[in-house]
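Topology and contacts: notes
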Amino acid sequence: MEEYPLTVPSRSAVRVRVPAKINLHLGVGPLRDDNFHDLATVFHAVSLYDELTLECGPPGIRLILESPDENVPTDERNLAVRALKLLAEHANIEPAVTVRLRKGIPVAGGMAGGSADAAAALIAGDALWHLATPPEKLHELAAQLGSDVPFALHGGDALGTGRGEHLTPLTHPYQRHWVFVTAHEGLSTPAVYAQSDRLRKTTEASDPAAVIKALDEPDPQALADALCNDLQEATLNLRPELHEVINAGEAAGALKGIVSGSGPTCAFLVRDAEHARRVAENLKNYPTTTAFGSVDGAQLVTN
């Protein structure tokens, strides 16, 4: 059995904060031979965060949830654990860390919380073990872990192609504000894609050009009019009650409501922070949270 050297960390602990994402546009193409779909998506990082703290020892990788959730695994099913294992294998070291994870991103909510945690683990492990891994290599490792993980590293706004891992940054001067209605029970992303394959009459991905153009418009109504999610029909088919949620959000004053990714979180675009507060108040019968975007990707917290 190959022997790996024990790590000699440059510090005793590191903390990383990583944002959620929504898809301003999610165009879903045909199913590929590798069982992924070709995507044309516009990612948007928003100010809902998970925090991951990496501490030295004991040998192995131990994950502790600071707010226990039966829907979040703590073994190798967790993408953060798999990310640290992959990074350690790449660096030819034996990990000896405890991971403390604080969730602020809805679990199985279509906002890439698991992928965000994987990105945070790559940044934290690289810092704790003083690896100085080149950004392009971190991106490559992230893509091995999941389609949304590379974007969680970068944040901001980006066009994602391939299965979402090929990123083209999008820059614009405008901050956008959101109200999110979360759900108590998550949805399986593979189940939503499978349902979409059964329901859709076309396998062509919708075009993200309108959303990309709208990002450069100062009036958020332009972006509201362009929001698009090819998976929304499938999500609403699996969770018909989300029709009511979207209708309630728009009746509460939101410019537009859309299912976030594969759902079941619903995202409502509003004009500004005060408008977000009013819409959230009008949705008092639903679990809501507000956020803005875009924000940076996974970042070390220094204080």
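Further up the page is the structure itself.
This report concerns the structure included in the present document. Just so we're clear, the structure is a prediction, and the values are computed from it rather than from any experiment.

Some remarks on the packing of helix α1 (residues 79-91) against helix α3 (residues 135-145)
- In contact at an axis separation of 10 Å, α1 and α3 are set at 135 degrees when each is read in the N-to-C sense. With respect to their mutual orientation, α1 and α3 come out oblique. Viewed along their axes, α1 and α3 form a crossing whose handedness is right-handed. For the pair α1 and α3, the contacting residues are L79, R82, A83, L86, L87 and H90 in the first and K137, L138, L141, Q144 and L145 in the second.
- Here the residues of the contact of α1 with α3 sort into seven nonpolar, two polar and two charged.

A closer look at the environment of R163
- Considering the arrangement of structural elements, one finds R163 in the loop between β5 (157-161) and β6 (166-170).
- It is 22 Å that separates the C-alpha atoms of R163 and K213, two residues lying 50 residues apart in sequence.
- Once you skip the residues sitting within four places of it in the chain, R163 turns out to touch R32, F36, H37, L39, A143, G146 and S147.

Some words on the pattern of salt bridges
- Inspection of every chain in the model, using the stated rule, returns 17 salt bridges.
- The salt bridge involving R77 is made with D75; its shortest N-O contact spans 3.0 Å.
- Among the residues examined, R77 registers a relative accessible area of 60% and is labelled exposed.
- Residues E281 and R277 are paired through a salt bridge, measuring 2.6 Å at the closest nitrogen-oxygen approach. Of this pair, E281 and R277 both sit in helix α10 (residues 273-282), separated by four residues, roughly a single helical turn.
- Relative accessible area serves as the criterion here: at 46%, E281 is assigned to the partly exposed category.
- We classify R277 as partly exposed; its relative accessible area is 38%.
- If you follow the salt bridges from partner to partner, you end up with E274, R277, R278 and E281 in one network.

Quick notes on the rules
- Residues numbered from 1 in each chain as written.
- Predicted model: local features only at pLDDT ≥ 70, side-chain atom pairs only at ≥ 80, totals over all residues.
- Heavy atoms only, no water.
- Axes fitted to C-alpha atoms, helices over the stretch in contact; angles between N-to-C directions.
- Helix = DSSP H or I, 4+ residues; strand = E, 2+ residues; numbered from the N terminus.
- Parallel < 35°, antiparallel > 145°, perpendicular 65-115°, else oblique.
- Left-handed = near helix turned anticlockwise from the far one by under 90°.
- Contact = heavy atoms within 4.5 Å.
- Nonpolar A, V, L, I, M, F, W, Y, C, P; charged D, E, K, R; others polar.
- Salt bridge = Lys/Arg side-chain N within 4 Å of Asp/Glu carboxyl O.
- Buried < 20%, exposed > 50% of the residue type's maximum accessible area, 1.4 Å probe, protein only.

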